[in-house]
Amino acid sequence: MSRLIDKKLSRRRFLGLSTCTLATAVVGSQVKVLRALASSGDITAPVAGDEKNIFTTCGMCVNKCGVIARVKNGVIEKLDPNPNFIKSRAMLCARGNAGIKVVYDPDRLKYPLIRTGARGEGKFRRASWTEALDLVAKNLNEIADKHTRAGVMFASTEGTYQDHFFNQLAECFGTPNTVRHPTLCLSSNIQGFSATFGTNPTPDVLNADYIIMSGANRSEALITPDSIDLLKGDGGRRKLIYLDPRFTKTAAKADKWFPIKPGTDMAFILAMIHVIVTEELYDHDYVKEQTVGFDKLISHIQQYTPEWAEGETDIHADAIRRVAREFAMAAPKSVYYHGRRSSFMSNDTQMRRAMAILNGIVGNWDTKGGMIPNSGIKLAKHDYIAPWYDDVPDRIDAGSVSFLSEKDGSWPVVQERVLAANPYPIKGMMVYKQNILASVPDRAKTLKMMEQMDFICTIDIAMSDTAWYSDVVLPEATYLERLDPIESLGGIVPVAVMRQPCIEAMFESKPNLWIMQELATRFGEEVAEQFNFTMEEYIQHQVKDNPAILAALQEKGVYFDRTEPVYGTTRGKKLKTVSGKIEIFSQRYADKGLDPIPVYTSPETIPAGKFRLLVGRHAIFTHGTTANNAYLHEIMPENTLWLNTKSAAGQGLTNGMLVKVKSPVGEETLRLEVTDKIRPDSVYMAHGFGVLSKGLSNIYGKGGCDAALIETRYCPISGNAALHETLVEVVPA
Amino acid sequence: MKTKRYAIVLDTHRCIDCKACTVACKVENNVPLGKENYRNWVGADPLRGSYPNLGESYTPSQCQHCSNPPCAHVCPTSATTVSPDGIVHVIDHKCIGCKYCMTACPYNARYYNEEIEAVDKCTFCTQRIQVGRIPACVETCPTKVRVFGDINDPNSEVSQLLAENPSRVLKEAQGTKPNLYYLI
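Quantities reported herein were computed from a predicted structural model and do not represent experimental measurements.

1. Observations concerning the packing of aromatic side chains
All names here are of chain A. Evaluated as defined, the whole model comprises 25 aromatic pairs over all chains. Where Trp129 meets Trp514, the ring centres are 5.0 Å apart and the plane angle is 80°; that geometry is what we call edge-to-face. On the criterion of sequence distance, the pair formed by Trp129 in helix α6 (residues 129-147) and Trp514 in helix α21 (residues 512-522) is long-range, its members being 385 residues apart. Of the two residues examined, Trp129 and Trp514, each falls in the buried class. On the basis of an interplanar angle of 35° and a centroid distance of 6.0 Å, the ring pair of Phe193 and Phe197 is categorised as tilted. With a gap of 4 residues between them, Phe193 and Phe197 both fall in helix α8 (residues 187-197), about one helical turn apart. One exposure class covers both Phe193 and Phe197, and it is buried. Three or more aromatic residues link up through ring pairs in this structure, and these residues are Phe154, Phe166, Phe173, Tyr432 and Phe523. Looking at Arg149, its charged tip hangs above the ring of Phe173, at a distance of 4.8 Å from the centre.

2. Topic: helix α6 (residues 157-164) of chain B
All names here are of chain B. Turning to α6, its buried residues are Val158, Ser159 and Leu161. Viewed along the axis of α6, the buried residues span an arc of 165°, placing them on a single side of the element. When the buried face of α6 is taken as reference, the exposed residues oriented beyond 90 degrees from it are Glu157, Ala163 and Glu164. Looking at the buried side of α6, the elements it contacts are β1 (6-10), β10 (146-150) and β12 (180-183).

3. A few points about the interface of chain A and chain B
With 50 residues of chain A at the interface, the matching set in chain B holds 39 residues. Carbon and sulfur atoms make up 60% of the area that chain A and chain B hide from each other, which totals about 3600 Å². Summed over the shared surface of chain A and chain B, the result is 6 salt bridges. One salt bridge connects Glu28 of chain B with Arg70 of chain A, and the closest N-O pair in it is separated by 2.8 Å. Applying the counting rule to chain A against chain B returns 13 residue pairs in polar contact (both at pLDDT 80 or more). Of all the elements in the fold, those that place two or more residues in the side of chain A that touches chain B are α3 (29-39), β3 (75-81), α4 (94-97), α5 (100-103), α9 (226-229), α10 (249-253) and α26 (630-633) of chain A. The leading source of residues in the side of chain A that touches chain B is β3 of chain A, at 4 residues.

4. Section: the sheet that holds strand β13 (residues 334-337) of chain A
All names here are of chain A. The 4 strands lie next to each other as β11-β10-β9-β13, forming an open sheet whose pairing is parallel. Single-partner strands in this sheet number two, and they are β11 (256-258) and β13. Sheet twist, expressed as the average angle between the axes of neighbouring strands with direction ignored, equals 10°. Direction of pairing for strand β9 (residues 210-214) relative to strand β10 (residues 239-243): parallel, over a ladder of 5 bridges. Directly across from Ile211, in β10, lies its bridge partner Leu240. Its contacts with the sheet place helix α16 (residues 348-361) against β9 and β13, and it is angled at close to 175° to β13.

About the thresholds
- Residues numbered from 1 in each chain as written.
- Chains lettered and ligands numbered in written order.
- Predicted model: local features only at pLDDT ≥ 70, side-chain atom pairs only at ≥ 80, totals over all residues.
- Heavy atoms only, no water.
- Phe/Tyr/Trp six-rings, centres within 6.5 Å; stacked < 30°, edge-to-face > 60°.
- Helix = DSSP H or I, 4+ residues; strand = E, 2+ residues; numbered from the N terminus.
- Buried < 20%, exposed > 50% of the residue type's maximum accessible area, 1.4 Å probe, protein only.
- Lys NZ or Arg CZ within 6 Å of the ring centre and 35° of its normal.
- Arc of directions from axis to C-beta.
- Contact = heavy atoms within 4.5 Å.
- Buried area = accessible area lost by both parts, 1.4 Å probe.
- Salt bridge = Lys/Arg side-chain N within 4 Å of Asp/Glu carboxyl O.
- Polar contact = N/O pair within 3.5 Å; in protein donor to acceptor, adjacent residues only side chain to side chain.
- Pairing = 2+ DSSP bridges.
- Axes fitted to C-alpha atoms, helices over the stretch in contact; angles between N-to-C directions.

Following this line, the structure appears as C-alpha cells:
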C-alpha cells in the first residue's frame, strides 16, 4: 500500500503538470463540504496551498470530454471545458460541470465495507482494506475450488479507463464469464453495421446536408461531437428528419418530426429503399462496383411499398416517398444516422442492417457528409499472460445467440442462465461500477440471480443498488482523483486523452489498478506477476512508439494528429467484410440460418388499456449513475410517467397524480405527466430512479425504476437487450 | 479608449435545454444548492400546438444587466450599483435583505442567498472577466448559444452579430434597456 503513496511526489514530477494562477471571487462551497467532513473527523481540513489548472478527462458519461480542473488549496473549485478539446468542440455539459459533486458527495463510499445484515438490508461495517481484500480472495478462491473458475463472473462498466485492469484480472483469475455493457447498449448497432460495412462507421454529421434519425435523440442523449454538430454550422441548408414516438428536444430542433409507431422503424427504412430502388435514385456505379446482393434486394423490397409501410408506421406514404427522394437527392451528403443506444425490439440487428443497406446504396460510404469509418490513435498495448486453467468450461452464454462477443457476453442471457444454473452454476460475482440492478431488464430476476450467489463484491464510488446488495463494497477513487491510462477515442477525427489526478484520493478510496493488484497478489504469484507495473510505467509503455502523445496531453490535455477529417481512405478498397464489399446480401447471415437481407416483422399489437413502455435518455443524467448528484438532482428530482393527453383522459388519469405502472414482471409507482409529447399508445419514463439503495439519499424513495418493469427480451443475433418489447398498464396508485 | 459595455447575444435556436449553463454558473459562483437559487436558467416556452403537430423552444435567461436597472433604483441602501463597464452588481455587505430589488426586477433574475445573507445575481462572472476569461455559462455551452463581449467595440463578435442580425430584448416596453440581446 505504501509503495504507491511514496510515489505520489514522483508521479507529479512525471506528469509535469502545467500550473497557473486564477482569481476566484469567494470561498468555494466545496471547501465548506470539506470543513464539515473534517469536523466529523472523516478527513483533514483543507490547508492553504497553491492554485493550479489540471488537464484531465470527464468521467460522467461515455463521451470523455476534455476538462481543466481548477484546483485551489487542494480543493477542486470548478471544472471548465478544455478549449483544445476538438472532439467535444470545447464544451462541458451539465453533468460535466456537476462532476465536482461526485468527489464532494456525502453519499460517497469512503471505506471498505463488509455486510453484517441480510442482503439488501443495508447493514455494513467498516473494514480495513486488508480484511476486505482477504475476504474477497478467500470467497472467490473457495467458489473456484467448488465450481471451477467459471463459477465466478466479472461484470464491468466501460470508460473508467481502469476497466481494462478489471477485465485483465478476470482473465488471469481464469473465468470466461466477463459481462460488459454492450448488450445493454449498442451491440446490435455494431453487429448490423459491421455485417454490412465490415466496421461500425460514424456519420459525418457536421458535413451532411440531410440527416435522418430514428430515436437517436441527439439533443438529449448527448454524443460528442454529433450533438453539437447537429446544430452548429448547418448554415440553414441542413435538413433533419426525426422519427420518435416522443416529441423530444431533438424533435423540437428537427425540420420534420414523425411520431412513428414504436418498433416499426425497419418498415420505414425498407419503404425508403423501395422508393430509391424502384425510382432508380441509388448510386448506380457505386452499387455495381462496391456492393454485393443488390439484384436480390430489388426483388426483396418489392413488397415493401410506402403504402404498406404507412399501415405499419403511421407515417403517410407520400411523406415516406418525399423523404426517400430528398435523401437520395442529397446523397452522398446524406446519412441515416444509426445512433448508439439500446435495442428497441428483438429484431434490432436486422433493423440496423436495413439502415446500413440504405446508406450503402446511396453511395455515402467514406465520403464527405456520409458514413465514415472510424480511425484511432495508436497506443502500444500492455501484454500479459493469463495463466491456463484446464477445467474451465466455455462461457455460460455460449451458443445462445448468433454472434456473441467473447468478452462482453449477453446480459439478458447471462441473467437467465445463471438463474437456471444452465449449463453450470455461477456462485460468485465481482462487479466493477456496473449497476446491474438499474440497467439489466427485469430487476426482480436480477435480484434472484444475485440472491443465489454465495458471494458478491462491488467496486464503486457510490452505494449503487448493486453495491447495496453486495457482501463486500470497495470504494474506488473518483475520476478526478486518479491517474488513468491514455485512451484513444476513435472517430472521424480521433483524439487521445488521459486522466491526471486533480487532488489526492479522499477517504480510503483507491484507484482500481491498486485494488486489482492487491487482489492479484492474493490469487497467487502467477497472477500477481501480470500486475507488476505502476500506472506511470503503463503510460510510458503506451506511448513508447510516439512520446509526442504524452507531451501533448501534458501541454494541452489532448492529443490529435489532425484536426480535419480525411475522407476516402477505404473508398473503392477492400472492406473488412467477407466479400470485401458492402454486403446488401450477407452470406454470413445465410450460413447461420439468418435472413441474409432484412425481413420485416410487425411488433405485437397493443391491446386496449395497455401501453408500450419506452425508455430514452435526457441530457441531465447518465444511465443509473448520476441521478443522486446534488446539482443534477435539483434539476430533475424524480422521474414521471409520460402519458398522452387523450389517453390519460380516456383512462380518467390526471396530470401529477401518482400512478402504478404494471408490467408482467413488476410494478412501479410514480407521478403522471400528462403531455402531448408522446404517442397515445406509448408511455415513457426516464432512467435512474426508483432505487433500492438507501445510500443514495437524494433519490431514494423517488420515482420509478424502468428496469423493474422491462421484460427480458433480446436480439437473437447480437444478444442485445430489447427494451421496447414490454407492454404495461397504468392505474391510479 | 471608449469604456466597455458588456453584453451577451443569444441565438436561442441553438439551445437544446441541456442545463449546462445553469450548473456551470452554480459551481463557478458558489450558488447554494436548491431550486430557488439560480443566477441563470433555461426556460421552456409553452408547448405549441397539439399532438402530433408540436413545436417547442427554449430560452436561456439571467440578469439582463439593464442600462436602466429598476433593481438599483429601488434599493434603499444603494447595495445595487452599476460598474463602469455596465455590469449590475450587488455589494453584499450593503444588502439588508429587504428584497425590494427582487420584486422590482421584471426578469426574476435575483434570489436571496442564505449563505452570504444578501441578494445575489449574475455578475457576468466578473472574477473570470478580470483575468481575461469569458463567463462560465458562455464558455461551457455545448452549442454556443451565448456570445459575450463589448458592444462598444464595433469589431467585437457581439457587435458584429447585432449588426448582421435582427435581435430583440426582453420586455422592451418596460424601458429597462437590457444588455442581453436575443437574435430573432
